[in-house]
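# Structure assessment
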Amino acid sequence: MDTEEMRRQVRSLTDRAEITDLLDRYLRSLDDGVFDEEWARAFHAEDVTADMPVGVVHGRDALLARVGRAMALFDRTVHLGTNAVIEIDGARARARGAQLSTHVLADGSGGVFVSAGHTETELVRTDEGWRISASALRVVWTQGPPPRLPDDFAHAPVGGTAPAS
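Analysis parameters
- Residues numbered from 1 in each chain as written.
- Predicted model: local features only at pLDDT ≥ 70, side-chain atom pairs only at ≥ 80, totals over all residues.
- Heavy atoms only, no water.
- Helix = DSSP H or I, 4+ residues; strand = E, 2+ residues; numbered from the N terminus.
- Contact = heavy atoms within 4.5 Å.
- Buried < 20%, exposed > 50% of the residue type's maximum accessible area, 1.4 Å probe, protein only.
- Pairing = 2+ DSSP bridges.
- 1 Å grid on protein atoms, 1.4 Å probe; cavity = no way out; pocket = protein on both sides within 12 Å on 5 of 7 lines; lining within 4 Å.
- Points joined across faces, edges and corners; volume = space filled by probe spheres on them.
- Nonpolar A, V, L, I, M, F, W, Y, C, P; charged D, E, K, R; others polar.
- Phe/Tyr/Trp six-rings, centres within 6.5 Å; stacked < 30°, edge-to-face > 60°.
- Axes fitted to C-alpha atoms, helices over the stretch in contact; angles between N-to-C directions.

This part takes up the side chain of histidine 103. For histidine 103, the position within the fold is in strand β4 (residues 92-105). Apart from residues no more than four positions distant in its own chain, histidine 103 is found in contact with Phe74, Arg76, Thr77, His79, Gly111, Val112, Phe113 and Ser115.

Let's shift gears to unusual backbone geometry. Phi is positive for asparagine 83, which is not a glycine, with a value near 55 degrees. Mapped onto the secondary structure, asparagine 83 falls in strand β3 (residues 74-89). Judged by relative accessible area, which is 59%, asparagine 83 ranks as exposed.

With that out of the way, let us pick up the pairing of strand β6 (residues 129-143). One face of the sheet, then the other: side chains in a regular strand alternate in exactly this way. For strand β1 (residues 44-52) and β6, the ladder comprises 4 bridges, and the chain directions are parallel. Looking at the pairing, aspartate 51 lines up with alanine 136 of β6. Summarising the sheet, strand β5 (residues 112-126) and β6 pair through 13 bridges and their orientation is antiparallel. Counterpart to alanine 116 in the pairing with β6 is tryptophan 141.

One number sums up the size of the largest pocket: a volume of about 860 Å³. Leu30, His79, Gln99, Ser101 and Leu137 are, among the 46 residues lining the largest pocket, the residues nearest its centre. Those elements giving two or more residues to the lining of the largest pocket turn out to be α1 (3-32), β1, α3 (60-71), β3, β4, β5 and β6. For the lining of the largest pocket, the class distribution of residues is 26 nonpolar, 16 polar and 4 charged.

What follows deals with the packing of aromatic side chains. As enumerated under the stated definition, the model contains 4 aromatic pairs in all. Plain terms: the ring middles of tyrosine 26 and phenylalanine 43 are 5.6 Å apart, the flat faces sit at 70 degrees to each other, and that makes the pair edge-to-face. Of this pair, tyrosine 26 sits in helix α1 while phenylalanine 43 sits in helix α2 (residues 37-43), and the two are 17 residues apart along the sequence. Given the relative accessible area of 5%, phenylalanine 43 is considered buried.

Further remarks concern the sheet that holds β1. Through backbone hydrogen bonds, the strands of a sheet pair up, either in parallel or in antiparallel fashion. Pairing within the open sheet is mixed, and its 6 strands lie in the order β2-β1-β6-β5-β4-β3. The open sheet has two free edges, formed respectively by β2 (55-58) and β3, since each of these has just one partner strand. Neighbouring strand axes in the sheet, compared pairwise and without regard to direction, differ in orientation by 15 degrees on average. In the sheet, β3 pairs with β4 via 13 bridges, with the strands oriented antiparallel. Across the sheet, residue isoleucine 86 finds its bridge partner in β4, namely alanine 95. Those strands touched by α1 are β1, β3, β4, β5 and β6, and its axis lies near 165 degrees from that of β3. Relative to β1, α3 is tilted by about 45 degrees, and along the sheet it contacts β1, β2 and β3.

Geometric descriptors of this kind do not, in isolation, establish any biological role.
Laid out in structure tokens, this is it:
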């Protein structure tokens, strides 16, 4: 193996480790419950698009506002991500995986809402490291009572403009 091939392999392994770490830390951060500008910058590109069960948002500020409001519907949560298949193409990457999320409702009912689904995440390498540029969670099944969403949690795009297809 020549030196250049070894560098490519080390870069690929390093990128995979960094992306896996970012995705794991992101899910863990949902359970930690601190959603501020530092949180948003640590995980997301400024022009991020996120397709979540509580709507589609465009832009880091819109995502921050939506995630904060959505997570306030729960007293406690545990998010597990697994089976990530990561494909890297230069400064861009795609990760596909599975997510199991357990939520204790904050409405005082003691209800537990569980959801499971598949994730599609696009990432971009920035000067600060890998960041999520687009994400989608496709829920496959749920169990238990879901939270009551506020009336203004429309499933229409929020913030910015829709990305070009």
